[in-house]
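As a plain string of letters, each chain reads:
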Amino acid sequence: MSNKQRILVTGGAGYIGSHTIIELLSRPGFEVVSADNYSNSSSETYRRIKTITGKDVAYAEIDLCDRQAVKKLFEDFPGITGVIHFAAFKSVPESVEKPAAYYRNNLVSLINVLEACTAYGVARFIFSSSCSVYGNIGSLPVNEDTPVAAAESPYGYTKIAGEQILKDFTVAFPSLHAIALRYFNPAGAHPSGLIGEIPLNRPNNLVPVITRTAIGKQNEVVVFGDDYDTRDGTCIRDYVHVCDIAEAHVLAIDYLQKNAGAKAYDVINLGTGSGVTVLEAIKAFERVAGKPLNYRIGPRRSGDVIAIFSDSSKAHRILGWNPHHALDEMMSSAWKWELHLAK
Ligand code: WQD
């Protein structure tokens, strides 16, 4: 038995999961098992992780909604000391069209993994949550005491419900300690240019829409409204580099492993604290790519919050987390990944 912490990463072949695995493997005390069903990813990601880190990832193709399969996973990989749970569908518009698929997939998989944790004595759990739990906010920046709002979509509700399920498990099983990390807008890619947002389904998120337009896969970026009450009329978001998000997950699981006095359940925001408008994001891309982007102003997108950005002082205080990749680096790394995909 190695003296390393064996961490199960669910959704490990996906965008944030794969970047988190790289962060885990870059530190001496972790080994990784990844579980993914490739619904929005591919096992090719593990080969790219090996190229980047020189290390193998143990992995299993599994539907986490299959309770017996999850039980077998924990038996096949004994000694798991912590779980980082990314596996979930994440498209807001798709969740509006397919609520049953989103509630079933995102909640049943979470419950199955949590049940296995309690059955196999896994005491540390990090949950991939979202700033979408805050909805449209009155006062900014948002901190963890900002009340959770009524969900704007089934996807958003699976994060609200997921946090509640997690909290309830920590009450029922006092040995289980958990942190829900509420991401703001993850963007960018690993500096190697070998991994990034997985291009399986047409993206809705702004940054991949920008890079796909710039490379010619889409003919334009439609800016969803420029008549909002913001400095340039377009919506404000808190973009945070995926490598910073990944580092926060490692800090969080390490924090729980090393702090017996940690709260049984806690929530922590992951944002930079800087609000960026859509037009500012587009200008940043044009600056780093050195080319103009074809975009036009279109109608508002329903469900968009006008502005949201984070007060992440709690992440700094508890985890020692300091996001250090600026917007230009998010854009340049996203562009490098898009160029790699085009090879
Ligand atoms: C950003 C801004 C759009 C596309 C998403 C997830 C949410 C959370 C954060 C995971 C908005 C504008 C976008 C386009 C545009 N992720 N936009 N034209 O909606 O803030 O939230 O990321 O937990 O759950 O839904 O991200 O990138 O879709 O939009 O004008 O073609 O860009 O209106 O203002 P969003 P986004």
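A brief structural summary.

Reading the values: rules and limits
Residues numbered from 1 in each chain as written. Predicted model: local features only at pLDDT ≥ 70, side-chain atom pairs only at ≥ 80, totals over all residues. Heavy atoms only, no water. Near = heavy atom within 4 Å. Polar contact = N/O pair within 3.5 Å; in protein donor to acceptor, adjacent residues only side chain to side chain. Areas by Shrake-Rupley, 256 points an atom, 1.4 Å probe, with all protein chains shown as cover. Buried < 20%, exposed > 50% of the residue type's maximum accessible area, 1.4 Å probe, protein only. Helix = DSSP H or I, 4+ residues; strand = E, 2+ residues; numbered from the N terminus. Arc of directions from axis to C-beta. Contact = heavy atoms within 4.5 Å. Salt bridge = Lys/Arg side-chain N within 4 Å of Asp/Glu carboxyl O. Core = buried A, V, L, I, M, F, W, Y, C linked by side-chain atoms within 4.5 Å. Phe/Tyr/Trp six-rings, centres within 6.5 Å; stacked < 30°, edge-to-face > 60°. Lys NZ or Arg CZ within 6 Å of the ring centre and 35° of its normal.

### Some words on the site of the ligand
Thinking step 1. Near the ligand, the surroundings consist of 19 residues, among which Tyr 155, Leu 206, Val 222, Arg 237 and Asp 304 are the closest.
Thinking step 2. Tyr 155 places a side-chain nitrogen or oxygen 2.7 Å from an oxygen atom of the ligand.
Thinking step 3. Arg 237 places a polar side-chain atom, nitrogen or oxygen, 2.6 Å from an oxygen atom of the ligand.
Thinking step 4. In the complex, the protein chains occlude 89% of the 680 Å² of accessible area that the ligand would expose alone.

### As for helix 3 (residues 67-76)
Thinking step 1. Listed in full, the buried residues belonging to helix 3 are Val 70, Leu 73 and Phe 74. Viewed end-on, helix 3 has its buried residues packed into an arc of 90 degrees, placing them on one side of the element.
Thinking step 2. In this structure, the buried residues of helix 3 make contact with strand 1 (5-10), strand 2 (30-36), strand 3 (58-61), strand 4 (80-85) and helix 5 (99-119).
Thinking step 3. By the N-cap criterion, in which a side-chain oxygen at the helix start approaches the backbone nitrogen of a residue two or three places on, helix 3 is capped by Asp 66, the distance to Gln 68 being 3.1 Å.

### Notes on unusual backbone geometry
With the exception of glycine, most residues fall at negative phi, and the peptide bonds are largely trans.
Thinking step 1. A cis amide bond links Leu 140 with the next residue in sequence, Pro 141, at an omega value of -5 degrees.
Thinking step 2. One can find Pro 141 in the loop between strand 5 (124-130) and helix 6 (154-172).
Thinking step 3. One non-glycine residue, Tyr 38, lies in positive phi territory at about 60 degrees.
Thinking step 4. Examined against the element boundaries, Tyr 38 turns out to sit in the loop between strand 2 and helix 2 (44-53).
Thinking step 5. The class for Tyr 38 is buried, based on a relative accessible area of 17%.

### Observations regarding the pattern of salt bridges
Thinking step 1. Using the criterion set out here, one finds 22 salt bridges in the structure.
Thinking step 2. Residue Glu 338 is joined to Lys 217 by a salt bridge in which the shortest nitrogen-to-oxygen separation is 2.7 Å. Of the two residues, Glu 338 sits in helix 11 (residues 327-341) while Lys 217 sits in the loop between helix 7 (206-215) and strand 8 (221-224), which places them 121 residues apart along the sequence.
Thinking step 3. For Glu 338, a relative accessible area of 4% corresponds to the buried category.
Thinking step 4. On the basis of relative accessibility, which here comes to 39%, the residue Lys 217 falls in the partly exposed class.
Thinking step 5. Note that Asp 227 and Arg 300 form a salt bridge whose closest N and O atoms lie 2.9 Å from each other. Of the two residues, Asp 227 sits in the loop between strand 8 and strand 9 (236-237) while Arg 300 sits in the loop between strand 13 (295-298) and helix 10 (313-319), which places them 73 residues apart along the sequence.
Thinking step 6. Overall, the relative accessible area of 46% leaves Arg 300 in the partly exposed class.
Thinking step 7. Here the residues in one salt-bridge network are Glu 23, Arg 27 and Glu 247, joined through shared partners.

### Some details on the side chain of Thr 10
Thinking step 1. Among the structural elements, Thr 10 can be located in strand 1.
Thinking step 2. Apart from residues no more than four positions distant in its own chain, Thr 10 is found in contact with Ala 35, Leu 64, Val 83, Ile 84, His 85, Phe 86, Ala 87 and Val 113.

### Considering the environment of Ile 7
Thinking step 1. By the secondary structure assignment, Ile 7 is in strand 1.
Thinking step 2. Apart from the residues lying within four places of it in its own chain, the contact partners of Ile 7 are Leu 24, Phe 30, Glu 31, Val 32, Val 33, Thr 81, Gly 82, Ile 84, Ile 253 and Gln 257.

### Quick look at the nonpolar core
Within soluble globular proteins, side chains that are nonpolar generally end up buried alongside one another.
Thinking step 1. The biggest cluster of nonpolar side chains holds 38 residues, and the ones touching the most others in it are Leu 24, Ile 126, Leu 181, Leu 270 and Trp 321.
Thinking step 2. Elements represented by at least two residues in this core include exactly strand 1, helix 1 (15-25), strand 2, helix 2, strand 6 (177-183), helix 8 (242-258), strand 11 (265-270) and helix 10.
Thinking step 3. Element by element, the count of residues in this core is highest for helix 8, at nine residues.
Thinking step 4. Non-local contacts of Ile 126, meaning those with residues more than four positions away in its chain, are made with Val 83, Ile 84, His 85, Ile 179, Leu 181, His 249, Ala 252, Ile 253 and Leu 256.

### Some thoughts on the packing of aromatic side chains
Thinking step 1. In the structure shown here, the tally under the stated rule is eight aromatic pairs.
Thinking step 2. Note on Tyr 103 and Tyr 157: the rings are 6.0 Å apart at their centroids and 80 degrees apart in plane angle, and the pair reads as edge-to-face. One end of the pair, Tyr 103, is in helix 5; the other, Tyr 157, is in helix 6, with 54 residues separating them in the sequence.
Thinking step 3. Here Tyr 103 falls in the partly exposed class, since its relative accessible area comes to 30%.
Thinking step 4. Of the aromatic side chains, those joined through ring pairs into one cluster are Tyr 38, Tyr 46 and Tyr 59.
Thinking step 5. Seen from the ring of Tyr 228, Arg 300 lies directly overhead, with NZ or CZ sitting 3.9 Å from the centre.

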